[in-house]
Amino acid sequence: MKGKLGRGVALVGAGVGKFGAFPRKDSRDLFVEAFRELVASVDNKGFDPTEIEALFIGNYSSELFEHQGHLAPILADWVGLTPRAALRVEGACASGGIALRQGVLAVASGLYDVVLVGGVERMTALPTEAVTDTLATAGDVLYEFPAGFTFPGFYAAMATAYAARYGMPYEALMEVARKNHAHGALNDKAQFGMTIRAIMDRRLAKAREKGGPLPGWRDELDFLRDPGANPPVAWPLRLFDCSPITDGAAAVLVVAEELARRFTDRPLRVLGTGQASDACLYGRADLTSLRSAREAAAQAYTMAGVKPSGVKLAEVHDCFTIAEVLAVEDLGFFPSGQGWRAARDGATHRDGTIPVNTSGGLKAKGHPVGASGVAQVVELWKQMRGEAGPRQVGHDVDLALAHNVGGTGQTCVVHIFGRG
Ligand code: COA
């Protein structure tokens, strides 16, 4: 592998819809909403959406979630792109990230100059048990599924292995949830745009209305320790360790770097892209790190010619709180066995040394699985351009990274961006 793009590639537009549960919207409605924000984000240089030459769409399972196959041309039609090529990319929860990589490679190859990359998933039309079942097929249905593994179960196995090896107290995971909810509270697109304190206060208010004894929670940690408020889902992971079930979509506009300034004076450059695979969880010797994440990150760092210490902001795949702990180690921000301290000590907070998941992450912003990898990049776009509103980080973000995991890490894709 050469480890280089054939020509420079840039992002010149980005948009994300509101994340949440929307019984009256299907994937096309969600995608149109993200597309409209993207069109509005392209600086006023006379952008005509018909310049888009192809659509790459990340989506895990529209067939199972909403009984709609062959989604890409439908989305292309709904945003006025037919007869251009439209293609769906599937890599479980990394579908969005690998759709972006495919769009980047298509532009780098010289085939296209302007492509639209999107991600979408509509999950909430199914009951939780059916969503859990659908997601579990991203594991191995021959060896893992019959053993009763669900996604909370997979990541619970990683959390117990990590805690046993490195002496992590499980309460450290609560600090990841607290941080990401605090960030999500500043994001008007987040499914849970609330701090855990605000959720706790709302529950207290409801209990007060009903009359009867009030829970004695003093603070967020007290609330999270209470199995009534934060019940185990798959021990040791509890409700607030899990990302929610979400409907949502995101989109970015990818162009040849030499054309970027036709669209905006402030493009982002794609400095590095990496993707790797691994065996399913049952086949791995080590559950405390994702080999695919380390490999994808190494590829992206090498291509970009940067080190982890240069990264100023990261959106990482916190489908469960333990996943963020593994990510910040696999990406080289913290040594092995130390990542669990990062949220507790403030290092990954918005005002920390390496802010992680300023969008609220999958935990609080929400996790419409096929859209998440693209939505991460939309957050980097906003932060790098100083357009993140109340959650804008204080320092200059000239280098940022997105880390998107599929399944238990059978797929991982990492992108690194600089300013153009
Ligand atoms: N974190 C915090 N609160 C959550 C939550 C989450 N992940 N999911 C739901 N809630 C809250 C709801 O807002 C609701 O609160 P309210 O009573 O104050 O209104 C309450 O919990 C019950 O919501 P409900 O939708 O009935 O929850 P559920 O039990 O059906 O689902 C999970 C909860 C954790 C099982 C579900 O969110 C889940 O499966 N998450 C993991 C998804 C996943 O595996 N994604 C892929 C990762 S690789």
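Coordinates for the structure precede this section.
Just so it is clear, the model here is predicted, and its values are computed rather than measured.

Criteria and cut-off values
Residues numbered from 1 in each chain as written. Predicted model: local features only at pLDDT ≥ 70, side-chain atom pairs only at ≥ 80, totals over all residues. Heavy atoms only, no water. Salt bridge = Lys/Arg side-chain N within 4 Å of Asp/Glu carboxyl O. Helix = DSSP H or I, 4+ residues; strand = E, 2+ residues; numbered from the N terminus. Buried < 20%, exposed > 50% of the residue type's maximum accessible area, 1.4 Å probe, protein only. Core = buried A, V, L, I, M, F, W, Y, C linked by side-chain atoms within 4.5 Å. Pairing = 2+ DSSP bridges. Axes fitted to C-alpha atoms, helices over the stretch in contact; angles between N-to-C directions. Parallel < 35°, antiparallel > 145°, perpendicular 65-115°, else oblique. Contact = heavy atoms within 4.5 Å. Nonpolar A, V, L, I, M, F, W, Y, C, P; charged D, E, K, R; others polar. Near = heavy atom within 4 Å. Polar contact = N/O pair within 3.5 Å; in protein donor to acceptor, adjacent residues only side chain to side chain. Areas by Shrake-Rupley, 256 points an atom, 1.4 Å probe, with all protein chains shown as cover. Phe/Tyr/Trp six-rings, centres within 6.5 Å; stacked < 30°, edge-to-face > 60°. Patch = residues over 30% accessible without salt bridge, like charges linked within 9 Å, V, L, I, M, F, W, Y side chains within 5 Å. Lys, Arg positive; Asp, Glu negative; His and termini not counted. Charge placed at Lys NZ, Arg CZ, Asp CG, Glu CD. 1 Å grid on protein atoms, 1.4 Å probe; cavity = no way out; pocket = protein on both sides within 12 Å on 5 of 7 lines; lining within 4 Å. Points joined across faces, edges and corners; volume = space filled by probe spheres on them.

(A) Looking closely at the pattern of salt bridges. Summed over the entire model, instances satisfying the criterion amount to 29 salt bridges. Here Arg7 ties to Asp113 by a salt bridge, and the two come within 2.8 Å at their closest N and O atoms. Of this pair, Arg7 sits in the segment before strand E1 (9–16) while Asp113 sits in the loop between helix H4 (95–108) and strand E4 (114–122), and the two are 106 residues apart along the sequence. For Asp113, a relative accessible area of 29% puts it in the partly exposed group. One salt bridge in this structure joins Arg225 and Glu171, with 2.7 Å as the shortest N-O distance. With Arg225 in helix H9 (residues 220–225) and Glu171 in helix H7 (residues 171–184), this residue pair connects regions lying 54 residues apart in the sequence. By sharing partners, the salt bridges in this structure join Asp43, Arg266, Arg385 and Glu387 into a single network.

(B) Structural context of the nonpolar core. Counting 69 residues, the largest nonpolar core has Leu11, Leu116, Val252, Leu253 and Val254 as its most contacted members. Broken down by element, this core gets its largest block of residues, eight residues, from strand E7 (residues 247–256). Counting residues in hydrophobic clusters, the runner-up holds 61 residues, among them Tyr162, Leu237, Leu290 and Ala327.

(C) Broad picture of the sheet that holds strand E8 (residues 268–277). Within the open sheet, the nine strands sit side by side as E3-E2-E4-E7-E1-E8-E11-E10-E9. Their pairing is mixed. Two strands bound the open sheet, and with one partner strand each, they are strand E3 (85–89) and strand E9 (313–315). Within this sheet the neighbouring strands show an average axis-to-axis angle of 25°, counted without direction. Inspection of the sheet shows E1 paired to E7 by seven bridges, in the antiparallel sense.

(D) Representation of the packing of H7 against helix H11 (residues 321–330). H11 packs onto H7 with a crossing angle of 95° between their chain directions and a minimal axis gap of 8 Å. By the angle between their directions, the pair H7 and H11 is classed as roughly perpendicular. Counted together, Leu173, Val176, Ala177, Lys179 and Asn180 of H7 and Thr321, Ile322, Glu324 and Val325 of H11 form the full contact between these two elements. Partitioned by chemical class, the residues of the contact of H7 with H11 number five nonpolar, two polar and two charged.

(E) Quick look at the site of the ligand. In the vicinity of the ligand, 17 residues are found, and the nearest of them are Thr128, Leu239, Cys242, Ser243 and Lys363. Pro244 is positioned with one of its backbone polar atoms (N or O) 3.5 Å from a nitrogen atom of the ligand. With the chains in place, 69% of the 920 Å² that the ligand exposes on its own is no longer accessible. Contributions of two or more residues to the shell around the ligand are made by helix H5 (128–136) and helix H8 (196–210). Along the lines of polarity and charge, the residues of the shell around the ligand split into 11 nonpolar, three polar and three charged.

(F) Main features of the packing of aromatic side chains. Under the criterion given, the structure shown has 11 aromatic pairs. Taken together, the ring pairs in this structure connect Phe149, Phe151, Phe154, Tyr155 and Phe320 into an aromatic cluster.

(G) Representation of a positive patch on the surface in the model. A cluster of basic side chains, namely Arg202, Arg203, Lys206 and Lys210, defines a positive patch on the protein surface. Along the polypeptide, Arg202 turns up in helix H8. Arg202 sits in the partly exposed class, given a relative accessible area of 42%.

(H) Focus on empty space enclosed by the protein. Within the structure shown, the criterion is met by three cavities of 30 Å³ or more. Considered as a void within the structure, the largest cavity measures approximately 70 Å³ in volume. What lines the largest cavity is Val16, Asn187, Lys189, Ser359, Lys365, Ala375, Val378, Glu379, Lys382 and Arg391. With four residues, helix H14 (residues 369–384) is the single largest residue contributor to the lining of the largest cavity. Split by residue class, the lining of the largest cavity holds three nonpolar, two polar and five charged.

(I) Inspection of the pairing of E7 at higher detail. Counted residue by residue, E7 has 10 buried out of 10 residues, so it is predominantly covered. The sheet contact formed by E4 and E7 spans nine bridges and is antiparallel. In the strand pairing of E7, Val120 is matched with Ala249.

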